[in-house]
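Geometric and topological summary
Here's the letter readout for the chains.
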Amino acid sequence: MALDVLPIPLTWVLLAILPVLFYLYAVRPMQVFKKMGVPGPTPLPLIGNIVMVLRDGSWNVEEERQRIQKYGKVFGLLFGKTPLLFISDKSMLRDVFVKKFHALGDRNGVTLDTKPSGRMLTNLIGEDWKNVRSTLSPAFSGGKLRLMAEAINSCAD
């Protein structure tokens, strides 16, 4: 079938457009960390760094330590098309978890709609998360944790 406007078949037009679409939807989103200047391993189109994470194990401490040595204390991975930022710098973690927690209320993940685990801080999102976190924060201040340290250490022994 040929287009009336073009002297070439429609198949050839579609084949010419296919690489452009592949670049726009599969390759370009994988460059999100590169554009921001965040180091990390080079992701594969569509799947990101999933193969590396599955091969090395998702909770393998030695592999994480090697990535920190190779890429620095802040690096990025792509789980599919979802960017994941890994931070191991103490001062930056303090800024993220204490000073800027209000901007990071929603997280990707599975939310459970069961009781009581559905009300856990790790399963909440949005305003529910902010309310529960602001209620719990004073209980875990530095001074209160120092007061509990002796009891915690005696239980650990």
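Residues numbered from 1 in each chain as written. Predicted model: local features only at pLDDT ≥ 70, side-chain atom pairs only at ≥ 80, totals over all residues. Heavy atoms only, no water.

The next thing to look at is the overall build of the protein. Helix and strand content of the protein: 7 helices and 2 strands. The helix and strand sequence of the protein, counted from the amino end, reads α-α-α-α-β-β-α-α-α. (Helix = DSSP H or I, 4+ residues; strand = E, 2+ residues; numbered from the N terminus.)

Time to look at the nonpolar core. Across soluble globular proteins, you tend to see nonpolar side chains buried next to one another. Counting 5 residues, the largest nonpolar core is built from Met52, Val53, Tyr71, Phe75 and Leu77. Only α3 (50-56) and β1 (74-79) provide two or more residues apiece to this core. Other than its neighbours up to four places away in sequence, methionine 52 contacts Pro41, Arg67 and Leu77. (Core = buried A, V, L, I, M, F, W, Y, C linked by side-chain atoms within 4.5 Å. Buried < 20%, exposed > 50% of the residue type's maximum accessible area, 1.4 Å probe, protein only. Contact = heavy atoms within 4.5 Å.)

As judged from the 6 bridges shared by β1 and strand β2 (residues 82-87), these two strands associate in the antiparallel manner. Its bridge partner lying in β2, phenylalanine 79 is registered against threonine 82. The loop that links β1 with its antiparallel partner β2 comprises 2 residues; one of these, glycine 80, has a positive phi angle of about 70 degrees. (Pairing = 2+ DSSP bridges.)

Another point: helix α7 (residues 142-156). Between its first and last C-alpha atoms α7 spans 20 Å; for 15 residues at 1.5 Å apiece the expected length is 21 Å, and the two agree. The largest bend in α7 comes to about 40 degrees, at methionine 148. (Expected span 1.5 Å × (residues − 1). Bend = angle between axes of the 7 residues up to and from the residue.)

The next point concerns a nonpolar patch on the surface. On the surface, a cluster of nonpolar side chains totalling about 650 Å² of accessible area is made up of Leu14, Ile17, Val20, Leu21, Tyr23, Leu24 and Tyr25. Residue placement: tyrosine 23 occurs in helix α1 (residues 10-27). Tyrosine 23 gets classed as partly exposed once you look at its relative accessible area, which sits at 37%. (Patch = residues over 30% accessible without salt bridge, like charges linked within 9 Å, V, L, I, M, F, W, Y side chains within 5 Å. Areas by Shrake-Rupley, 256 points an atom, 1.4 Å probe, with all protein chains shown as cover. Salt bridge = Lys/Arg side-chain N within 4 Å of Asp/Glu carboxyl O.)

The subject of this paragraph is the packing of aromatic side chains. Under the counting rule described, the total for this entry stands at 2 aromatic pairs. Pairing tyrosine 71 with phenylalanine 75 gives two aromatic rings, centres 6.1 Å apart and planes at 40 degrees, and the pair type is tilted. The pair tyrosine 71 / phenylalanine 75 is uniform in exposure class, with both members buried. Taking 5.1 Å as the distance between ring centres and 5 degrees as the angle between the ring planes, the aromatic pair formed by phenylalanine 75 and phenylalanine 86 counts as stacked. Taken together, the residues span a long stretch of sequence, with phenylalanine 75 in strand β1 and phenylalanine 86 in strand β2 at a distance of 11 residues. Among the aromatic residues, those joined into a cluster by ring pairs are Tyr71, Phe75 and Phe86. (Phe/Tyr/Trp six-rings, centres within 6.5 Å; stacked < 30°, edge-to-face > 60°.)

A few words on the pattern of salt bridges. For the coordinates displayed, the defined rule picks out 5 salt bridges. We note a salt bridge from aspartate 56 to arginine 55, for which the minimum N-O separation is 3.1 Å. The exposure class assigned to aspartate 56 is buried, which follows from its relative accessible area of 15%. Residue glutamate 62 pairs with arginine 65 through a salt bridge whose shortest N-O separation is 2.7 Å. Here the residue glutamate 62 and the residue arginine 65 both occupy positions in helix α4 (residues 61-71), the gap between them amounting to 3 residues, near one helical turn. Glutamate 62 gets classed as partly exposed once you look at its relative accessible area, which sits at 44%. Looking at arginine 65, the relative accessible area reads 43%, which means it is partly exposed. Among the ionic contacts, a cluster of salt bridges with common partners joins Arg55, Asp56, Glu64 and Arg67.

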